[in-house]
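# Close look at the chain arrangement
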Amino acid sequence: MFLPSVEVNAMPTGNDQDPWERDKTTPVEFNSHLKKGFARVKPILSDGHSFFSLVIFVLLLLIGLSIWSAIYTIPSDSVAVVQRFGKYLKEVPPGLHLKLPLGIDSATIVPVKRQLKQEFGFITPGANDPYQSPDAREKDRETQMVTGDLNAALVEWVVQYRIANPVKFLFEVRQPSETLRSVSESVMREVVGDRTVDEVITIGRQEIEYEALLKMQALSSKYAMGISIDQVQLKNINPPKPVQESFNEVNQAQQEKEKLINEARRDYNKVIPLALGEKDQRIREADGYRLKRINEAEGDVARFDALLAEYIKAPEVTRRRIYLETMQDVLAKIRSKIIIDQSTQNILPWLDLNAQQGERP
């Protein structure tokens, strides 16, 4: 069964959907339509039978229109604010609902679960909300701002928000969407005016977004607009067109400067730690060699002291042992050896010193 939504107003996004607005049809237009309708019905009224059929038709038409206007549906991301004779009655959740027909009750659908946005300085084609994008004549004016150092900048930004309180959104402030645009523009001009043009264009974007978000939230709460601001996001920020080329050259020079600084830091981080590591290694090697020499010297001293103590106990035995150990070390390095018996007599000992090394005599 098809259940259309009739006499249900969508969220007020323009003057033609404002809940305070009434029918704008002038009395002259209404009288003209009434005369035309009476002229069409007059021939039927002359016949009694036709008049009775017309009455039944009108009654059926009224009943059908009453049923038609009494049933309405609410999307899952919205709620409906119901008014009875223009006075707030209740807030209705999503789903299929009934209301008093023939204009007694009216329901305004408000998308409370949908994230809405407003754009400043640029226009998105196909937007349904007339307050989402600026007017074509106001687009350039919105972006023109003066920074704290008396320079000019063209700032584009987006405000994302949700409708937190539908009743306040509809009835506390007249045209809250337009009010939000004015609040956003005022806050952004204030925040940009407290910073230099370099901060606005380069390093201060996040601070500007955060500060603007806090101030917009505070003003929306103060004005009781029923709006919750989720995010403020800066888009394109450029200098004015007459100086844009020069500014781009300066910006390019700054980027080149940062590039060279980063390259120098990279080389520094590559060379200096290596040199420091080699220095530490050399120092540790020197300390190790120092400890080695000290330990060897202390070991020789201890060995000599122990040897001296034994020598004092038995000098001849110790002298003999030292002689044998010394000769063992010396003779092991001599390739050719000549041993002469000291008791031999009548033989002239002779040693050929001119013989080649290693040659037997």
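Residues numbered from 1 in each chain as written. Predicted model: local features only at pLDDT ≥ 70, side-chain atom pairs only at ≥ 80, totals over all residues. Heavy atoms only, no water.

## Comments concerning the overall build of the protein chain
Going by this rule: Helix and strand assignments follow DSSP, with helices taken as H or I runs no shorter than four residues and strands as E runs no shorter than two, numbered in order from the N terminus. Note on classification: 1.4 Å probe, protein chains only; a residue is buried when its accessible area is under 20% of the maximum for its type, exposed when over 50%, partly exposed between these limits. In these tables, accessible area is a Shrake-Rupley quantity obtained with a 1.4 Å probe, and a residue counts as shielded only by the protein chains included in the view.
A tally of helices and strands in the protein chain yields nine helices and 10 strands. The buried share among the 361 residues of the protein chain stands at 25%. A total accessible area of about 25,900 Å² is found for the protein chain, and carbon and sulfur atoms account for 56% of it.

## Some remarks on the nonpolar core
Side chains that are nonpolar tend, in soluble globular proteins, to be buried together. This is how the line gets drawn: We call a set of buried Ala, Val, Leu, Ile, Met, Phe, Trp, Tyr and Cys residues a nonpolar core when their side-chain atoms join them within 4.5 Å. Whether two residues touch is decided by their heavy atoms; if any such pair falls within 4.5 Å, the residues are in contact.
Ranked by size, the top nonpolar core spans 36 residues in total, and within it Val155, Trp157, Met188, Met216, Ile229 and Val232 carry the most contacts. Contributions of two or more residues to this core are made by strand E3 (79-84), strand E7 (116-120), strand E9 (152-163), helix H4 (166-171), helix H5 (176-193), helix H6 (197-203), helix H7 (205-222) and strand E10 (227-238). When residues no more than four places from it in sequence are discounted, the contact partners of Ile229 are Val159, Gln160, Tyr161, Leu180, Leu213, Met216, Gln217 and Ser220. The next biggest cluster of nonpolar side chains, apart from the first, holds six residues, and it includes Ile74, Val82, Val92 and Ala107.

## Details of the environment of Val192
With respect to the helices and strands, the residue Val192 is situated in helix H5. In this structure Val192 comes out as buried when scored by relative accessible area, which is 1%. Put simply, Val192 and Ile208 are 16 residues apart on the chain and 7.2 Å apart in space, counted from C-alpha to C-alpha. In this view, Val192 contacts Met145, Val146, Thr147, Gly148 and Val200; residues no more than four positions away in its chain are not counted.

## Considerations on the pairing of E7
Stated precisely, the cut-off is as follows: For two strands to be treated as a pair, DSSP must find no fewer than two bridges joining them.
Most of E7 sits out of view: four of its five residues are buried. Bridge count for E7 against E9 is five bridges, and the pairing is antiparallel. Each bridged residue has a counterpart across the sheet, and for Phe120 the counterpart in E9 is Trp157.

## Thoughts on the confidence of the model for the protein chain
How we decide: The predictor reports its confidence for every residue as pLDDT, a score running from 0 up to 100.
On average, residues of the protein chain score 80 in pLDDT, and 79% of them reach the 70 mark or higher. Scored below 50 in pLDDT, residues 1-8 makes 22 contacts in the model with residues more than four places away or belonging to other chains. Residue range residues 12-27 is modelled with pLDDT below 50. Its contacts to residues more than four positions away, or to other chains, number 28 contacts.

## A word on the packing of aromatic side chains
The following threshold applies: Whether two aromatic rings pair depends on their centres lying within 6.5 Å, for rings of Phe, Tyr and Trp, where Trp uses its six-membered ring; planes under 30 degrees apart make the pair stacked, over 60 edge-to-face, and the rest tilted. By the criterion adopted, a ring carries a charge over it if an Arg CZ or a Lys NZ lies within 6 Å of its centre and within 35 degrees of its normal.
On inspection of all chains with the given rule, the structure shows two aromatic pairs. Aromatic pair Phe120 and Trp157: ring centres 4.4 Å apart, planes at 5°, arrangement stacked. With Phe120 in strand E7 and Trp157 in strand E9, this pair connects stretches of sequence that are 37 residues apart. We note that Phe120, like Trp157, is buried. Arg181 extends its terminal NZ or CZ atom over the ring of Phe120, reaching a point 4.2 Å from the ring centre.

## Describing the packing of H5 against H7
This is how it is decided: Only the contacting stretch of a helix is used when fitting its axis, a line to C-alpha atoms as for every element, and angles between N-to-C directions run 0 to 180 degrees. What sets the label is the angle itself: under 35 degrees gives roughly parallel, over 145 gives roughly antiparallel, 65 to 115 gives roughly perpendicular, and the rest give oblique. Here a crossing is taken to be left-handed if its near helix is turned anticlockwise relative to the far helix by less than a right angle, and right-handed if that turn runs clockwise. Under the scheme applied here, ten amino acids are nonpolar (Ala, Val, Leu, Ile, Met, Phe, Trp, Tyr, Cys and Pro), four are charged (Asp, Glu, Lys and Arg), and all others, including Gly, are polar.
Contact geometry for H5 and H7: axes closest at 9 Å, N-to-C directions at 140°. Taken together, H5 and H7 sit at an angle that is classed as oblique. Where H5 crosses over H7, the handedness of that crossing is right-handed. Residues Val183, Ser184, Val187, Met188, Glu190 and Val191 of H5 form the contact with H7, whose own contacting residues are Ile208, Glu211, Ala212, Lys215, Met216 and Leu219. Here the residues of the contact of H5 with H7 are counted per class, giving eight nonpolar, one polar and three charged.

## Looking at the pattern of salt bridges
Using the following cut-off: A side-chain nitrogen of Lys or Arg and a carboxyl oxygen of Asp or Glu constitute a salt bridge if their distance falls within 4 Å.
According to the stated counting rule, one finds 15 salt bridges in the structure shown. Arg195 is the partner of Glu207 in a salt bridge, and the nearest nitrogen-oxygen pair spans 4.0 Å. Taken together, the positions of Glu207 in helix H7 and Arg195 in the loop between H5 and H6 put the pair 12 residues apart, joining distant regions of the chain. On the basis of relative accessibility, which here comes to 12%, the residue Arg195 falls in the buried class.

## Side note on empty space enclosed by the protein
A water-sized probe rolled over the atoms picks out the places where empty space is left. In plain terms, the rule: Only protein atoms enter the 1 Å grid used here, on which a cavity is any set of points holding a 1.4 Å probe that cannot leave and a pocket is any open set flanked by protein within 12 Å on both sides along at least five of seven lines; residues with an atom within 4 Å of a point are listed as lining. Grid points are joined across faces, edges and corners, and a volume is the space filled by probe spheres set on the points.
On inspection of all chains with the given rule, the structure shows two cavities of 30 Å³ or more. Around the second largest cavity, the lining residues are Asp198, Thr202, Phe247, Val250, Asn251 and Gln254. Sorting the residues of the lining of the second largest cavity by element identifies H6 and helix H8 (241-313) as the ones contributing at least two each. The dominant element in the lining of the second largest cavity, judged by the number of residues it contributes, is H8, at four residues. In terms of residue class, the lining of the second largest cavity is built from two nonpolar, three polar and one charged.

## As for a nonpolar patch on the surface
Which entries qualify depends on this criterion: Patches here are clusters of residues that have more than 30% relative accessible area and form no salt bridge, with a 9 Å joining cutoff for like charges and a 5 Å cutoff for nonpolar side chains (Val, Leu, Ile, Met, Phe, Trp, Tyr).
On the surface, Val55, Phe57, Val58, Leu59, Leu61 and Leu62 cluster together into a nonpolar patch covering about 510 Å² of accessible area. Inspection of the secondary structure puts Leu59 in helix H2 (residues 48-70).

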